[in-house]
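Residues per chain are reported as follows:
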Amino acid sequence: MKRRIFIFCILIVFAVLLFTIFIKTHNNFSFVYRNEIKSGKELIQRIEDYRAKNGVLPGKLNELYSEAEKERNEIYCYDIEGQDYVLYFGTSLGEGVYYFSKYDEWCDYLKH
């Protein structure tokens, strides 16, 4: 009987540990906003292709896509900082997810 209780307790601890790991990994902004980040990566590729072709960054995002694509990409904002740029979209009031070309990474906070 004691052995069954011990095994049951071990199983509960293991289940709680797995649940905690699942919550921590799936509460990550890159999981929650995976579709927006995927579309953002396509937009980043267009920005980099534009830079390679023209030698400069595009002044505005609408230079990169047609009118038919405009609605899909209007959630993104774009700021140029010298030779680098920031692409971002809002997630909630005052919050967003940002891509920094300088660091080549997505973040859920502003970097300076």
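To be clear, the structure that these remarks concern was listed above.
Residues numbered from 1 in each chain as written. Predicted model: local features only at pLDDT ≥ 70, side-chain atom pairs only at ≥ 80, totals over all residues. Heavy atoms only, no water.

Participant: Mind showing me how you'd approach the overall build of the protein chain here?
Facilitator: Helix and strand counts for the protein chain stand at four helices and four strands. Along the chain direction, N to C, the helices and strands of the protein chain fall in the order α-α-α-α-β-β-β-β. Relative to the globule expectation of 13 Å for 112 residues, the C-alpha radius of gyration of the protein chain, 21 Å, shows a markedly less compact shape. Each of the 112 residues in the protein chain was classed as buried or not, and the buried ones make up 24%. The contacts in the protein chain between residues at least 6 apart in sequence include a share of 29% that link residues at least 24 apart. When the accessible area of the protein chain is evaluated, it comes to approximately 8500 Å², of which 58% is carbon and sulfur surface. (Helix = DSSP H or I, 4+ residues; strand = E, 2+ residues; numbered from the N terminus. Rg over C-alpha atoms; globule rule 2.2 N^0.38 Å. Buried < 20%, exposed > 50% of the residue type's maximum accessible area, 1.4 Å probe, protein only. Contact = heavy atoms within 4.5 Å. Areas by Shrake-Rupley, 256 points an atom, 1.4 Å probe, with all protein chains shown as cover.)

Participant: Is there a simple way to explain the side chain of serine 101 in this structure?
Facilitator: Considering the arrangement of structural elements, one finds serine 101 in the loop between strand S3 (95-100) and strand S4 (105-107). A polar contact of 2.8 Å, which involves the side chain of serine 101, links it to the backbone nitrogen of tyrosine 85. Those residues in contact with serine 101 that sit more than four places away from it in its chain are Asp84 and Tyr85. (Polar contact = N/O pair within 3.5 Å; in protein donor to acceptor, adjacent residues only side chain to side chain.)

Participant: Quick question: what am I supposed to make of the nonpolar core here?
Facilitator: Nonpolar side chains in soluble globular proteins tend to end up buried together. If you look at the biggest cluster of nonpolar residues, it comprises 17 residues, and the most contacted ones within it are Leu43, Ile47, Leu61, Tyr78, Tyr85, Leu87 and Trp106. Only helix H3 (34-54), strand S1 (76-81), strand S2 (84-92) and S3 provide two or more residues apiece to this core. For this core, the leading source of residues is H3, giving four residues. Apart from residues no more than four positions distant in its own chain, leucine 61 is found in contact with Leu43, Ile47, Tyr76, Cys77, Tyr78 and Leu87. (Core = buried A, V, L, I, M, F, W, Y, C linked by side-chain atoms within 4.5 Å.)

Participant: Any chance you could explain the pattern of salt bridges here in plain terms?
Facilitator: A side chain with one charge may pair with a side chain of the opposite charge, provided their charged atoms come close. Taken as a whole and judged by the stated rule, the model has one salt bridge. Among the ionic pairs, arginine 51 bridges to glutamate 48, the shortest N-O distance being 3.2 Å. Here arginine 51 and its partner glutamate 48 are both found in helix H3, three residues apart, which amounts to about one turn of the helix. What makes glutamate 48 partly exposed here is its relative accessible area of 28%. (Salt bridge = Lys/Arg side-chain N within 4 Å of Asp/Glu carboxyl O.)

Geometry only, nothing functional implied.
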